[in-house]
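Close look at the chain arrangement
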Amino acid sequence: MIFPVLLCGGSGTRLWPLSRKSYPKQFADVVGEESLFQASARRFTGEGFAAPLVVTGDPFRFIVTEQLDEIGLDPAGILIEPEGRNTAPAAAAAALFALAQDEDAMILLVPSDHAISQPGLFRDAVLAGASAAEAGQIVTFGIAPTRAETGYGWLETGAEQDGVSKLERFIEKPDAETAEKLFSDGRYLWNAGVFLARASVLVEAFRTHAPAILDQVAAAMQAAQGDLGFTRIDPELWAQVEDQSIDYAVMEKAPNLSAVRFDGHWTDLGGWESVWLESDRDEDGNAVSDHATALDCEGSLLRAEAADQELIGIGLKNVVAVAMRDAVMVADMSQAQNVKQAVKVLKERGAKQATAFPVDHRPWGWFESLVIGERFQVKRIHVHPGASLSLQSHHHRSEHWIVVQGTAKVTVDETVKLVTENQSVYIPLGAVHRMENPGKVPMVLIEVQTGSYLGEDDIIRYEDVYARS
């Protein structure tokens, strides 16, 4: 069996404002009706594949479980990185975890933010490399190039046998002239960053080529703690691990590398131009979302991400316009890669839009701020069926709750009662309180906060089923 290892800890700022540090692109519906993470998890299911192992960050742990539950998948495990240390430590941790479960485990390291329109063909490619991996090779997967791309790394392949080629070398992102030469030669493929190997072989490769990383990761994993089904890697020991990519730490040095060619459609959705290419386009080359309209436009991407807004483009050519409730980005298509610079500027200005998503996802559901003013804030709160917020109190604010959908079980100090649609309840400043959804449908309420300080850090938790401090 092959254990897919889904790596999903990145921030994806090149797709800002849709992708942000608090809710990166792998969890968003960038193309299609599922998130990129869900599509990646579903891609590697079926005969020959075991349940996925996920490596992610603490802020995303409940997003991962919720999105897997939505598509009916139970993970083999979820490793929580205390902080991102690049792909080499994540891969080493996954290999050690898998090896502890099964000494014969074979793992497939895959980023969770790629788009592949023919998942069956990619599964076939992975299975085609399984025999070589079983024999001790580390197998990577090269994408048949469709253009002289300078934004990807490349692979040089050698002699082929039974669909598996010898991997001669990795090539860094080339300049335009070099990319044209690579594109014209069938030996060269795009590097997808996907690796298949027996866990024991990968651990041995780390021991040979990156022993310090392996020892540091092994110590952090040895001290890991279980938490509500997650495996929390020790933060102090993890902080000592070198920040390094798996390509540089291991793959560029290992002699036992092979490659399988994939001729299907693939993209890493590394920027808005990639999203435009992956989207359905009209006869003028425009990709237009619901609630967006293109008038006399050509070759443009117009996305309105909120149902209560309308985005109109007039006379645009080769333009990206993405409108969200709290931020709008407009760029020439050729400059869309520079959106990272925009995020940097916003961070320097202290704008919350640089990193914070307008919808704040929590283990019990989500909330969004509708109006913020001096000494007051209005929120919409969505609580999943059977979910519960923590038992808590506030130093600086009182709250009014109005249920607009479903039924809430509300605790205020010693009083517990059910509050149904169109009913409300008042939470005095300092009162110990909790809201729960005892029903089988989502519960939605409007919360009006009033007080001298309305920050999310004004919470004293007494009990929490999600073990948050």
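Note that the structure is predicted; figures quoted are calculated from it, not measured.

This part covers the packing of aromatic side chains. A full pass over the atoms with the stated rule returns 14 aromatic pairs. A centroid spacing of 5.2 Å and a plane angle of 65 degrees characterise the contact between Tyr152 and Trp266, whose relative ring orientation is edge-to-face. Here Tyr152, found in the loop between strand E6 (138-143) and strand E7 (154-161), pairs with Trp266, found in strand E13 (residues 266-267); they are 114 residues apart in sequence, far enough to count as distant. Residue classification places Trp266 among the buried positions, given a relative accessible area of 6%. Clustering of aromatic rings is evident, with ring pairs tying together Tyr23, Phe27, Phe37, Phe60 and Phe357. Just above the ring of Tyr248 sits the side chain of Lys253; from NZ or CZ to the centre is 5.6 Å. Note that Lys379 overlies the ring of Phe367, its terminal NZ or CZ placed 4.0 Å from the centroid.

Let us look at unusual backbone geometry. Here the residue pair Trp16 and Pro17 is connected by a cis peptide bond, since its omega of 10 degrees sits within 30 degrees of zero. Inspection of the secondary structure puts Pro17 in the loop between strand E1 (2-8) and helix H1 (36-43). Unusually for a residue other than glycine, Asn318 sits at a positive phi of about 55 degrees. Within the element layout of this structure, Asn318 appears in the loop between strand E17 (311-314) and strand E18 (319-323).

There is a patch of nonpolar side chains on the surface, built from Leu295, Ile312 and Ile314 and spanning about 300 Å² of accessible area. By the secondary structure assignment, Ile312 is in strand E17.

Mapped onto the elements of the fold, Asn338 is located in the loop between strand E19 (328-332) and helix H12 (339-349). Overall, the relative accessible area of 46% leaves Asn338 in the partly exposed class. Note: C-alpha distance between Asn338 and Gly271 (67 residues apart in sequence) is 9.2 Å. At 2.8 Å, the side chain of Asn338 forms a polar contact with the side chain of Gln335.

According to UniProt, the feature "domain: Mannose-6-phosphate isomerase type II C-terminal" (unreviewed entry) maps to residues 359-464 in the numbering used here. From the first C-alpha to the last, residues 359-464 spans 21 Å; its make-up is 0% helix and 60% strand.

Strand order in the open sheet made by the four strands is E14-E16-E18-E19, with mixed pairing throughout. Each edge of the open sheet carries a strand with a single partner, namely strand E14 (287-288) and E19. Here E18 pairs with E19 via five bridges, running antiparallel. For Ala323, the partnering residue across the bridge sits in E19 and is Val328.

Core analysis: the largest hydrophobic core is formed by 93 residues, its most contacted members being Leu108, Phe122, Val126, Phe141, Leu196 and Trp272. Counting residues per element, this core draws most heavily on strand E9 (residues 188-198), at five residues. Setting aside residues up to four positions removed in sequence, Phe122 forms contacts with Phe44, Ile116, Phe141, Ile143, Val194 and Phe262. Listed in part, the 45 residues of the second largest apolar core include Ala98, Ala205, Val250 and Ala254.

Thresholds, definitions, all that
- Residues numbered from 1 in each chain as written.
- Predicted model: local features only at pLDDT ≥ 70, side-chain atom pairs only at ≥ 80, totals over all residues.
- Heavy atoms only, no water.
- Phe/Tyr/Trp six-rings, centres within 6.5 Å; stacked < 30°, edge-to-face > 60°.
- Helix = DSSP H or I, 4+ residues; strand = E, 2+ residues; numbered from the N terminus.
- Buried < 20%, exposed > 50% of the residue type's maximum accessible area, 1.4 Å probe, protein only.
- Lys NZ or Arg CZ within 6 Å of the ring centre and 35° of its normal.
- Patch = residues over 30% accessible without salt bridge, like charges linked within 9 Å, V, L, I, M, F, W, Y side chains within 5 Å.
- Areas by Shrake-Rupley, 256 points an atom, 1.4 Å probe, with all protein chains shown as cover.
- Salt bridge = Lys/Arg side-chain N within 4 Å of Asp/Glu carboxyl O.
- Polar contact = N/O pair within 3.5 Å; in protein donor to acceptor, adjacent residues only side chain to side chain.
- UniProt positions renumbered as here; feature names shortened; annotations may be inferred.
- Pairing = 2+ DSSP bridges.
- Core = buried A, V, L, I, M, F, W, Y, C linked by side-chain atoms within 4.5 Å.
- Contact = heavy atoms within 4.5 Å.

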